[in-house]
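So the chains spell out like this:
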Amino acid sequence: MEPTSLTVPFVQEIAKEPLTGVPERYVRPHHERPIISTTTPLPQVPVIDLSKLLSQDFEETELENLHYACKEWGFFQKKFGQREGEGVEGYGQAFVVSEEQKLEWADMFFILTLPPYLRKPYLFPHIPLPFRGDIETYSAELKNLAIQIIDLMAKALTVDIKEIRELFGEGIQSMRMNYYPPCPQPELVMGLNPHSDGGGLTILLQANEVEGLQIKKDGSWVPIKPLPNAFIINLGDMLEIMTNGNYRSIEHRAKVNTERERLSIATFYSPGKDVIVGAAPSLVTQKTPAVFKTISAGEYYSGYLARELRGRSYLDSLRIQNGDKKSC
Ligand SMILES: O=C(O)CCC(=O)C(=O)O
Ligand SMILES: [Fe+2]
């Protein structure tokens, strides 16, 4: 498929213009709290307006309310914002675990896409068209692509494809759309802190082709230039566990710049929450003992999200010391 055939009106729309005159109470805590520890005050991150977009998809009866609500950031918060007790899904920020934490110079819209019965009823069905349809098509295509890539990895390790497929179970897919506004002092902030993805395979689209992604290679940060019509494939922690450390999950981060906003869309394909994840049985031998403890995928995701992003430290906490054949 052609990655550029993806239309991202939603993300582009939200990125376009800051909302002016937003009542103080609707400015998300992210913007109220200090983002960096510096004595130089920085302007706020622009607040993003989704109101125009939302008005496309509403019944006439709702329009009156909408007319009023749309003027205010609070409407979007209510409709798509992350909700207490509902995890990271929705619009907001991931990995905010304490008031003191240094926050990232980015907003995101995170949504579980497949299987459909796991979608949040207050979220997915309300995404305006045509964007909702685009997500449907895109997520189906990307699930197929992810499975093909994972099958090829299994083949490369001479592991029966079925072994790895079983470890994914039904497989869940989620998407994270990242919006990084320009920052007047980019050297003082981080768009996304260094981390490895917690799931299986990530297919990343650098949506507006602005540079910012960096990966850690041999101890140094290497920029990954966006290429037109190209995806970036990142391996997540789950695949490192399943392949018994033969494939490493990659540490990466996102930088921001002064001039241009940046948009990226990460699509994660991961084992379902109930799956017990461990190394594919045929990769564990006397000579190659298990490198990681087994863990339920659900438990791993909860632990992963409950921490600030910090390199590959969460995966490392599962390492079996004696079996550590590939120490970092
Ligand atoms: O914005 C990027 O290029 C990276 C995004 C990312 O690493 C993520 O969403 O997990
Ligand atoms: Fe990532």
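Remember, predicted model here, so these are calculated numbers, not experimental data.

What counts and how
- Residues numbered from 1 in each chain as written.
- Chains lettered and ligands numbered in written order.
- Predicted model: local features only at pLDDT ≥ 70, side-chain atom pairs only at ≥ 80, totals over all residues.
- Heavy atoms only, no water.
- Core = buried A, V, L, I, M, F, W, Y, C linked by side-chain atoms within 4.5 Å.
- Buried < 20%, exposed > 50% of the residue type's maximum accessible area, 1.4 Å probe, protein only.
- Helix = DSSP H or I, 4+ residues; strand = E, 2+ residues; numbered from the N terminus.
- Contact = heavy atoms within 4.5 Å.
- Polar contact = N/O pair within 3.5 Å; in protein donor to acceptor, adjacent residues only side chain to side chain.
- Arc of directions from axis to C-beta.
- Pairing = 2+ DSSP bridges.
- Axes fitted to C-alpha atoms, helices over the stretch in contact; angles between N-to-C directions.
- Near = heavy atom within 4 Å.
- Areas by Shrake-Rupley, 256 points an atom, 1.4 Å probe, with all protein chains shown as cover.
- Phe/Tyr/Trp six-rings, centres within 6.5 Å; stacked < 30°, edge-to-face > 60°.

One finds Ile111, Ile164, Met177, Leu201, Leu239, Met242 and Tyr300 to be the most contacted residues of the largest nonpolar core, which totals 49 residues. Formed by nine residues, the second largest nonpolar core is a distinct cluster that contains Met108, Leu204, Ile232 and Phe268.

Moving on to the environment of Asp237. Within the secondary structure, Asp237 sits in helix H8 (residues 237-242). With 63 residues separating them in the primary sequence, Asp237 and Tyr300 have C-alpha atoms 9.6 Å apart. In contact with Asp237, other than residues within four places in its own chain, are Ser196, Asp197, Gly198, Gly199, Ser249, Tyr300, Tyr304 and Leu315. A distance of 2.9 Å separates polar atoms of two side chains, one belonging to Asp237 and the other to Ser249.

Every buried residue of helix H7 (residues 161-168) is accounted for by Glu163, Ile164, Leu167 and Phe168. With its buried residues spanning 140 degrees around the axis, H7 presents them on a single face. In this structure, H7 carries Lys162 and Glu166 as exposed residues pointing more than 90 degrees from its buried face. Buried positions along H7 lie against helix H6 (131-156), H8, strand E10 (262-270) and strand E11 (276-277).

Paired through their backbone hydrogen bonds, the strands of a sheet run either parallel or antiparallel. Taken together, four strands build an open sheet; the order of strands is E4-E9-E6-E7 and the sheet is antiparallel. If you trace the sheet from one side to the other, it starts and ends with strand E4 (192-195) and strand E7 (220-223), each paired once. Strand-to-strand twist in this sheet, taken as the mean axis angle between neighbours without regard to direction, amounts to 25 degrees. Here four bridges tie strand E6 (residues 213-217) to E7, and the two strands are oriented antiparallel to one another. Its bridge partner being in E7, Gln214 is matched across the sheet by Pro223.

Moving on, we get to the site of ligand 1. Residues in close proximity to ligand 1 total 13 residues, the closest being Asn178, Tyr180, His252, Arg262 and Ser264. The side chain of Asn178 places a nitrogen or oxygen atom 3.1 Å from an oxygen atom of ligand 1. When ligand 1 sits alone it has 290 Å² of accessible area, and the protein chains cover 98% of it. Counting only elements with at least two residues in the shell around ligand 1, the list comes to strand E3 (172-180), E4 and E10.

Moving on, we get to the sheet that holds strand E2 (residues 107-114). In spatial order, the strands read E1-E2-E3-E10-E5-E8; together these six strands make up an open sheet with antiparallel pairing. The open sheet has two edge strands with one neighbour each: strand E1 (90-92) and strand E8 (232-235). Strand-to-strand twist of the sheet, defined as the mean angle between neighbouring strand axes without regard to direction, takes the value 20 degrees. As defined by bridge partners, E1 adjoins E2 across three bridges and the pair is classed as antiparallel. Its bridge partner lying in E2, Gly92 is registered against Met108. Here H6 sits on the sheet and contacts E2, E3, strand E5 (201-205), E8 and E10; the angle it forms with E5, its principal contact strand, is near 130 degrees.

Before going further, it helps to spend a moment on unusual backbone geometry. With the exception of glycine, the majority of residues adopt a negative phi angle, and the majority of peptide bonds are in the trans configuration. For the bond running from Leu114 to Pro115, omega is 0 degrees, close enough to zero to count as cis. You can see Pro115 is positioned in the loop between E2 and H6. Phi is positive for Glu209, close to 55 degrees, though the residue is something other than glycine. The partly exposed category is assigned to Glu209, whose relative accessible area is 39%. For Asp218, which is not a glycine, the phi torsion comes out positive at approximately 45 degrees. Along the chain, the position of Asp218 falls in the loop between E6 and E7.

Applying the stated criterion across every chain yields a total of five aromatic pairs. With a centroid separation of 5.3 Å and an interplanar angle of 10 degrees, the aromatic rings of Phe168 and Tyr269 are classed as stacked. One end of the pair, Phe168, is in helix H7; the other, Tyr269, is in strand E10, with 101 residues separating them in the sequence. Considered together, Phe168 and Tyr269 belong to a single accessibility category, that of buried residues. When the centroid spacing of 6.3 Å and the interplanar angle of 25 degrees are considered together, the rings of Tyr300 and Tyr304 count as stacked. In this pair, Tyr300 and Tyr304 both sit in helix H9 (residues 297-305), four residues apart, roughly one turn of the helix. Residue classification places Tyr300 among the buried positions, given a relative accessible area of 0%. Note on Tyr304: relative accessible area 13%, which makes it buried.

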